[in-house]
Amino acid sequence: MSRLLSVEGLTTRFPLAGVHVPIVDESTFAIDRGEVLALVGESGCGKSMTALSIMRLVPKPGRIHSGRVELLGRDLLGLSVTEMRAVRGGRISMIFQEPMTSLNPVMRCGDQVVEAIRLHDEVSRKDALARCRELFVQVGIPDPDARLRAYPHQLSGGLKQRVMIAMALSTRPELLIADEPTTALDVTIQAQILRQLLELRREIGMSILLITHDLGIVNELADRVAVMYAGRIIEQGERTDVLGRALHPYTQGLLRSMPALATPGRRLPEIPGVVPSPAEWPMGCRFATRCQLAEDRCRREVPGATARSDNHVASCHAVEEGRAQAPAGGEPEGAAR
Amino acid sequence: MLAYVIRRMAYGVIVVLGVLFFLFLLFFTVTSPDDVARKALGERVPEAVVEQWKVNHGYDKPLFPEPGAWTDNMLVEHYRRMLTFDFGRSDADDTPIADRLRAGVGPSLALTVPLFTFSLLASIPLALLVALFRDTYIDRMGVVLCVLAMSVSILLYIIGAQYLIGRLLHWFPISGFDADPRVVVRFLALPLLVGLVAGIGGDVRFYRTVFIEESNTDFVRTARAKGCGEARIMGRHVLRNSLIPILTQVVLAIPFLFTGSLLLESFFGIPGLGAITVDAINGNDFSVLRTMVYIGSLLFVGGQILTDLSYGLVDPRVRLE
Amino acid sequence: MEAWVFSNIVVAILITAAVGLTGVVLRSRMWSNAFLSLWRRRRVAIIAIGFYVLVALLDSVSWVGGEQFGEDAVAKYQAQSILDRAFAGIRERSYSAPLASVEFYGGAPLVHPGRHLLGTDLLGRDVLHLALKGARVALLIGGLTSLIAIPLALLFGVSAGYFGGRIDDFVFFIMSTLASMPGLLLLITLIMVMGKSTFSVCIALAVTGWVGFCRVSRGETIKLRELEYISAARALGVGEMRIIFRHILPNLAHLVIITFVLMFSGLVLSEAILSWLGIGVDGSWGQMIDQARDELSRDPIVWWNISAAGSALFGLILAVNFVGDALRDVMDPRTLREGE
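Quick caveat: nothing in here was measured; it's all calculated off a predicted structure.

What counts and how
- Residues numbered from 1 in each chain as written.
- Chains lettered and ligands numbered in written order.
- Predicted model: local features only at pLDDT ≥ 70, side-chain atom pairs only at ≥ 80, totals over all residues.
- Helix = DSSP H or I, 4+ residues; strand = E, 2+ residues; numbered from the N terminus.
- Buried ≥ 20, exposed ≤ 12 C-beta atoms within 10 Å, placed from the backbone.
- Contact = placed C-beta atoms within 7 Å.
- Pairing = 2+ DSSP bridges.
- Nonpolar A, V, L, I, M, F, W, Y, C, P; charged D, E, K, R; others polar.
- pLDDT = per-residue confidence, 0-100.
- Domains from an automatic or database assignment.
- Expected span 1.5 Å × (residues − 1).
- Core = buried A, V, L, I, M, F, W, Y, C linked by C-beta atoms within 7 Å.
- Axes fitted to C-alpha atoms, helices over the stretch in contact; angles between N-to-C directions.
- Parallel < 35°, antiparallel > 145°, perpendicular 65-115°, else oblique.
- Left-handed = near helix turned anticlockwise from the far one by under 90°.

J.: Explain the overall build of chain B to me, please; I cannot follow it from the model alone.
T.: Helices and strands together make up the secondary structure of chain B, namely 14 helices and zero strands. Written out in order from the N terminus, the α and β elements of chain B read α-α-α-α-α-α-α-α-α-α-α-α-α-α. In terms of overall dimensions, chain B has C-alpha extents of about 80 × 60 × 35 Å along its principal axes. Here chain B, with 321 residues, has 38% of them falling under the buried criterion.

Below, the structure written as structure tokens:
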């Protein structure tokens, strides 16, 4: 498969009490054509900020500090504002976590999709509207004609997210960034929408960067997985590797605390302590404050990436030194719901 | 919709009745008709003259309903007169108040309507511009300028403009009014300029806050993610949504166009309702003052109903029920 | 009690209260952080306000008698403040320009040539002295008005928001009634019927400014009431009064302060307009500006009077506006929006 997007050493900083804190710190990962990469982590770990950095939509006062984001070999961070505008919504689309507020409340749904189409293709309003109707059918919106004319508040959360998806797909992007696309929705709707996304990916042949904290969803959808903790990607690899033979103590803890993997009747194991806030991030490995294997070196030195195989990498001194616990995690296939 | 309007108007009527009661307390109990009479006639007139004055002005009844005067008292009389728009005569010079109001509306509107229009036309684009450049030095400069402009007393603006433009530069006459539209433009230029400058700081700052608040919303992020440019986002997505809070301010201001501007009118010699009010203050003319407050609140209540109705027009989420 | 004795007592109370408040602020991490970041952003404005407060305090401590007044038969037996004493006995016969040595009209030599930094007014009073005295009046207007308005607004707003139902309906009705009368007209009317005095100006300003305060505290109380920890406290059977005093009021404190600062400049500017209408407070900057109006049409013009009063007024309002803006950013990024 060919490489679509490669992110190298991406660092995004936010000023916090006078210090510039790297909310995204030296992130490196890649997405191939047609692939679904899941970016996993607890809330506040920098997953959304990674996505916004790729789109160059980091909210102020944050700033992309360094790194490269290459789409088919072209560095997006070096593009002019106008060139970047053509990429956004054209070649990379994004859908957000909050379908309730992500649509403009005073514009009809159809008009919002039409606007997206006409920003990138020179088509008449009528043609754009026709295409919009097709998209609505494609993403599974019942009664599309009425929904074209509806205002967002007249639709349910699930329908709104479908409108968002239709808008994101309207220009046949090469990459879709889905930032917790189903978190705000009912569980039954979640499954429908995720299945739809997979189908659409096959039809259009696009790649997806799926941001989520739900390992169940990852297990069902992802080809590859990257795990983020406190601004850094600490482990990445094929889904079966990461979920089945996790290397990093954090990933292992995360997997153990999943109800589906736990032994019935036993107390759910948890990772001790809490995620440190960005102002309190430790110098060395950021997980050192909660890690049972942490030694002096972990607290001092930032761990480099250790490759277990070509496609499975973890950043952990314990893994590097071979004193990590045996790869943990259940049979991922069996864990699927 | 109709039910909503009726309910809304009913509440408006209750508020107006409340205002009238408050006015009664102020003008008949805090200051009694005797006080008013003495202010009009002088402190040392004999009791009989005061009584006669009260009879002439219809202030000679008992204040509150009491045995024998359940309907024939000042409270009932006050409500009856105000609700039937029978404002009676001025306490100070006996002219019919209604005539004065009719004469004053025209000049007031001649000043306030252009002032209102120009203010909107100037401040909203300026605020959009400042908001477009948010977090840059243009924005910071803009806010500082607004605060500077807001911190100057309107008295200083008026006196300064009259002195500088009227007296030193002789561009426009310092004060006066004329019924001829071609002449009146020259008279209105200075008060318009002053009103515009005095108000623009606060307006721009308010609209800027609204715009910036709207441009931090999720749907603006969506618009950016689909490739909208900043100018298009401001013009299409932010402006439409900002109209909702802005409307409250703007529609509410419309009724007060009728009551004119106290300071501008009296400083620049425009014989509008504002100037009439100032005359009433200087001449202890309580009945005129009372009427002006009443009319002001009538207009305000009407404006509020209008605002609520106009929400339904701009915001598809609002359904008037 | 004589007015000057009362004023001295008030100064003593204010200083004690300020010391006490400083203690509270230093002990609470939230408040001292807020103050620190405010100080970092608006150092100059805070110092400027401090200067105005200092001048006002110097003009509030007064006593009778003293050497400075010499043969002045009236001044000798009146209470004079520290500020008055600093400027004692430098009165001229009439106008003199800043730092002049002769009278402005007529050209007779001055009693104190070159001593009047900002000149003198029609009655020969030192303009710098008058301008400084205005600080006390301005702060008095803002302070006294808030002292009347804030407790009332909190009482009505909190009980309406907390208890809801009939009480809320009643308070809401009072608010809409007061709000529906044009502000400036209501202000004027209140002063006219109550008679012209500092106190009635403050009451009138409080009645008109009260509504905004009340609306804010009512809205915030409704929000707080719905919070989990308050519901939990109620479910545990904590008394209503205890909830209000322990949980609601402390959470309104920052809103009260912000609203106070934002309202303050409006109050002082309104007083200037009232002064021009002849119903303001004696000795205010507004009154100086009003008196100076005719002086601009004299030939040669007398400009220093209005400039001094105008700049003093502008300086205070500007400083307060800047601090108010920063205060809102620091303490409350969302709830309050200007213009509401």
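J.: For this particular structure, what's the right way to read the overall build of chain A?
T.: Across its full length, chain A holds 14 helices and twelve strands. The contacts in chain A between residues at least 6 apart in sequence include a share of 64% that link residues at least 24 apart.

J.: Could you clarify how one ought to interpret the pairing of strand β8 (residues 207-212) of chain A in this entry?
T.: Within a regular strand, side chains alternate between the sheet's two faces. All names here are of chain A. Buried residues dominate β8, accounting for six of its six residues. Judged by which residues are buried, β8 turns out to be covered on both faces: Ser207, Leu209 and Ile211 on one side and Ile208, Leu210 and Thr212 on the other are all buried. Sheet topology places strand β3 (residues 36-40) next to β8; five bridges connect them, and they run parallel. Counterpart to Ala38 in the pairing with β8 is Leu210.

J.: Mind showing me how you'd approach the interface of chain A and chain B here?
T.: For an interface, size is often stated in terms of accessible area lost upon the parts coming together. Facing 23 residues of chain A, the contacting portion of chain B comprises 18 residues. For the side of chain A that touches chain B, the secondary structure elements donating two or more residues are α2 (81-87), α3 (99-102) and α4 (109-120) of chain A. Among the elements that take part in the side of chain A that touches chain B, α4(A) stands out by supplying three residues, more than any other. Taken together, the residues that form the side of chain A that touches chain B break down as twelve nonpolar, seven polar and four charged.

J.: Just checking my understanding: could you explain the sheet that holds strand β5 (residues 74-75) of chain A for this structure?
T.: Strand pairs in the sheet, formed through backbone hydrogen bonds, run parallel or antiparallel to each other. Residue and element names in this part refer to chain A. With antiparallel pairing, four strands are arranged side by side in an open sheet as β2-β1-β4-β5. Each edge of the open sheet is held by one strand with a lone partner, namely β2 (19-32) and β5. With ten bridges joining them, strand β1 (residues 3-16) and β2 adopt antiparallel strand pairing. Residue pairing for β2: Arg3 is matched across the bridge by Asp32.

J.: Is there a simple way to explain the arrangement of the chains in this structure?
T.: Here two pairs of chains make contact, and the pair sharing the most contacts is chains B and C. Of all C-alpha pairs spanning chain A and chain C, none lies closer than 10 Å, and the two are not in contact.

J.: Is there a simple way to explain the interface of chain C and chain B in this structure?
T.: Listed by partner, the interface residues are 35 residues for chain C and 37 residues for chain B. Looking at the side of chain C that touches chain B, the element that brings in the most residues is helix α12 (residues 304-331) of chain C, giving nine residues. Here the side of chain C that touches chain B is composed, by residue class, of 23 nonpolar, eight polar and four charged.

J.: Looking at this model, I keep getting lost on the confidence of the model for chain B. Mind explaining?
T.: It should be kept in mind that the predicted coordinates are not to be read in detail where pLDDT is low. All names here are of chain B. Confidence in the prediction of chain B, expressed as mean pLDDT, is 85, and 99% of residues score 70 or more. No element of chain B has a lower mean pLDDT than helix α2 (residues 33-41), at 77, and none a higher one than helix α9 (residues 218-225), at 92. Interface confidence for the predicted complex, expressed as ipTM, amounts to 0.85; the pTM equals 0.83.

J.: Got a minute to help me understand the domain arrangement of chain B in this structure?
T.: Residue and element names in this part refer to chain B. Under the domain assignment, chain B is made up of domain 1 (2-83) and domain 2 (97-314). Look at where the C-alpha atoms of domain 1 and domain 2 centre, and you get two points 34 Å apart. Taken residue by residue, the interface counts 14 residues in domain 1 and ten residues in domain 2. Among the secondary structure elements, those contributing two or more residues to the side of domain 1 that touches domain 2 are α1 (2-30) and α2. Of the residues belonging to the side of domain 1 that touches domain 2, the class tally is ten nonpolar, two polar and two charged.

J.: I tried to follow helix α1 (residues 3-27) of chain C on my own but got confused; where do I start?
T.: Helical periodicity: at 3.6 residues per turn, an α-helix aligns residues three or four positions apart in one direction. For α1(C), built from 25 residues, the straight-helix expectation of 36 Å at 1.5 Å per residue is met to within 8% by its first-to-last C-alpha distance of 36 Å. Taking burial as the measure, the 25 residues of α1(C) include zero buried ones, a minor fraction of the element.

J.: What exactly am I supposed to notice about the nonpolar core here?
T.: Within soluble globular proteins, side chains that are nonpolar tend to cluster in buried spots. Among the nonpolar cores identified, the biggest contains 147 residues, and C:Ile141 and C:Ala309 are the most heavily contacted of them. The dominant element in this core, judged by the number of residues it contributes, is helix α5 (residues 127-163) of chain C, at 19 residues. The next biggest cluster of nonpolar side chains, apart from the first, holds 111 residues, and it includes A:Ala38, A:Leu175, A:Leu176 and A:Phe287.

J.: For this particular structure, what's the right way to read the packing of α1(B) against helix α7 (residues 183-194) of chain C?
T.: Any two packed helices are characterised by how steeply their axes cross, that is the angle between the axes, and by the distance between the axes. Contact geometry for α1(B) and α7(C): axes closest at 9 Å, N-to-C directions at 20°. Judged by the angle between their axes, α1(B) and α7(C) are roughly parallel. In the packing of α1(B) onto α7(C), the handedness of the crossing is left-handed. Facing α1(B), whose interface residues are B:Leu26, B:Phe27 and B:Val30, α7(C) presents C:Thr189, C:Val193 and C:Met194. Tallied by class, residues from the contact of α1(B) with α7(C) come to five nonpolar, one polar and no charged.

J.: Would you take a moment to explain the pairing of strand β10 (residues 232-238) of chain A for this structure?
T.: Residue and element names in this part refer to chain A. Across the seven residues that make up β10, a large majority, six, are buried. Of the pairings in the sheet, the one linking strand β9 (residues 224-229) to β10 comprises six bridges and is antiparallel in character. From the neighbouring strand, Met228 faces β10, where its bridge partner is Ile233. Looking at chain direction, β10 and strand β12 (residues 312-315) are connected through two bridges and run antiparallel. From the neighbouring strand, Glu235 faces β12, where its bridge partner is Ala314.

J.: What is the right way to look at the environment of A:Ser170 in this model?
T.: Mapped onto the secondary structure, A:Ser170 falls in the loop between α7 (157-169) and β7 (175-179). Excluding its chain neighbours within four sequence positions, the residues that come into contact with A:Ser170 are A:Val113, A:Ala116, A:Ile117, A:Arg131, A:Cys132 and A:Leu135.

J.: Whenever I open this one, the sheet that holds β7(A) confuses me. Can you help?
T.: All names here are of chain A. The eight strands are arranged β6-β7-β8-β3-β9-β10-β12-β11 in an open sheet whose pairing can be described as mixed. Looking at which strands have only one partner, the edges of the open sheet turn out to be β6 (92-95) and β11 (305-309). Between one strand axis and the next, the sheet turns by 20° as a mean value, whatever way the strands run. In this structure, β7 lies alongside β8, joined through five bridges in parallel fashion. Bridging across to β8, Asp179 finds its partner in Ile211.

J.: What exactly am I supposed to notice about the environment of A:Gly34 here?
T.: Looking at where A:Gly34 falls in the secondary structure, it is placed in the loop between β2 and β3. On the basis of neighbour counts, which here come to 17 C-beta atoms within 10 Å, the residue A:Gly34 falls in the partly exposed class.

J.: I would appreciate a short explanation of α1(B) in the present structure.
T.: Across its 29 residues, α1(B) extends 41 Å between first and last C-alpha, which sits within 8% of the 42 Å expected from 1.5 Å per residue. For α1(B), the set of buried residues is B:Val15, B:Val16, B:Val19, B:Leu20, B:Phe22, B:Leu23, B:Phe24, B:Leu26, B:Phe27 and B:Phe28. Residues of α1(B) that are buried make contact with α2, α4 (74-83) and α14 (286-314) of chain B together with α6 (165-179) and α7 of chain C.

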